[in-house]
Amino acid sequence: MQIELTPMINILLVEDNHDHAELIRRSLKSIKIQSQIFHMENGEKALDYLLNRSPFEDHEEFPVPHLIILDIRLPLMNGIEFLNFVKQKERLKEIPVVILSTSRSEEDIRQAYQYHANSYLVKPTGSDKFSTLIHDLGYYWFKRNKLPKD
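Since this is a predicted model, take the numbers as computed values, not measurements.

**Observations concerning unusual backbone geometry**
- Cis rather than trans, the peptide bond between S54 and P55 has omega equal to 5°.
- Residue position: P55 is located in the loop between α2 (43–50) and β3 (67–70).
- In this structure, N52 is a non-glycine residue whose phi angle is positive, near 55°.
- Among the secondary structure elements, N52 is positioned in the loop between α2 and β3.
- We classify N52 as buried; its relative accessible area is 14%.
- Of note, H116 is a non-glycine position whose phi angle comes to about 75°, a positive value.

Okay, structure coming up:
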C-alpha cells in the first residue's frame, strides 16, 4: 500500500489586526492540512515577500504562496493597491487572492473584483462566526478546490 503525502500548502496572510491573524491561524489548523502561514502586517511587507526582497530572498524558506488572504484596510499600502499590483505581475497573477475585510462597501467589493480578486468575504462579528467562516474558507480552497501544481 502506498501512502500519498499531502503537499505543504503555503498561505500568505496580509492582515494588520493581530487578533484576527491569530484566529485565522487557529481556524485553518482545525481543517488538518499541512500548511505554513506567512503573516505580513502591511501590503509593502507582503510585496517584499512575494518579490523575494530583503529579508525574504530565500525561496526555500519563503515559497510562493498557494493562496493569499488579504485584508483591504492596511497601513502603508491598502489591500486594493496590493491586489492590483499582484494581478498585473505575470509570475504572481495566478495566485488566488481572497479578500477578507470588515468592509461591506459596494465600492470596495466592486474594486476587488475589478482587480481580479477570487473571492470577497466580510468578516463577521463574534469569534465563533469568524472561526466558522475561516474553517469553511480553508476547507473549500484546500480540500474541494483544485489548485495548479507548482
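That was the structure; now back to the text.
**Some details on the sheet that holds strand β5 (residues 119–122)**
- With parallel pairing, five strands are arranged side by side in an open sheet as β2-β1-β3-β4-β5. Looking at strand neighbours, the two that pair on one side only are β2 (35–40) and β5, the edges of this open sheet. Between one strand axis and the next, the sheet turns through 20° on average, direction left out of account.
- Against the sheet, helix α3 (residues 79–88) makes contact with β1 (9–14), β3 and β4 (97–101), and its axis sits at roughly 160° relative to β3, the strand it touches most.
- The sheet strands contacting helix α4 (residues 106–114) are β4 and β5, and the helix crosses β5 at an angle near 155°.

**Thoughts on the environment of L23**
- With respect to the helices and strands, L23 occurs in helix α1 (residues 18–29).
- A sequence separation of 78 residues divides L23 from S101, and the C-alpha atoms of the two residues are 14 Å apart.
- Apart from the residues within four sequence positions on either side, L23 is in contact with S127, F130 and S131.

**Topic: α1**
- Counted at 1.5 Å a residue, the expected span for α1 with its twelve residues is 16 Å, and the 17 Å between its end C-alpha atoms agrees.
- Buried within α1 we find A21, L23, I24, S27 and L28. Viewed end-on, α1 has its buried residues packed into an arc of 165°, placing them on one side of the element. Away from its buried face by more than 90 degrees, α1 exposes D19, R26 and K29.

**Concerning the side chain of E15**
- Looking at the element boundaries, E15 is found in the loop between β1 and α1.
- Among the polar contacts made by the side chain of E15, one reaches the side chain of K123 at a distance of 2.7 Å.
- Leave out the neighbours within four places in its chain, and E15 touches H20, A21, H39, M40, E41, D71, L74 and K123.

**What to know about the pattern of salt bridges**
- In the structure shown here, the tally under the stated rule is seven salt bridges.
- Across the pair R53 and D48 runs a salt bridge, and its minimum N-O distance is 2.8 Å.
- Notably, a salt bridge pairs E90 with K93, separated by 3.1 Å at the nearest N-O pair.
- The exposure class assigned to E90 is exposed, which follows from its relative accessible area of 62%.

Parameters and conventions
- Residues numbered from 1 in each chain as written.
- Predicted model: local features only at pLDDT ≥ 70, side-chain atom pairs only at ≥ 80, totals over all residues.
- Heavy atoms only, no water.
- Helix = DSSP H or I, 4+ residues; strand = E, 2+ residues; numbered from the N terminus.
- Buried < 20%, exposed > 50% of the residue type's maximum accessible area, 1.4 Å probe, protein only.
- Pairing = 2+ DSSP bridges.
- Axes fitted to C-alpha atoms, helices over the stretch in contact; angles between N-to-C directions.
- Contact = heavy atoms within 4.5 Å.
- Expected span 1.5 Å × (residues − 1).
- Arc of directions from axis to C-beta.
- Polar contact = N/O pair within 3.5 Å; in protein donor to acceptor, adjacent residues only side chain to side chain.
- Salt bridge = Lys/Arg side-chain N within 4 Å of Asp/Glu carboxyl O.

Geometric descriptors of this kind do not, in isolation, establish any biological role.
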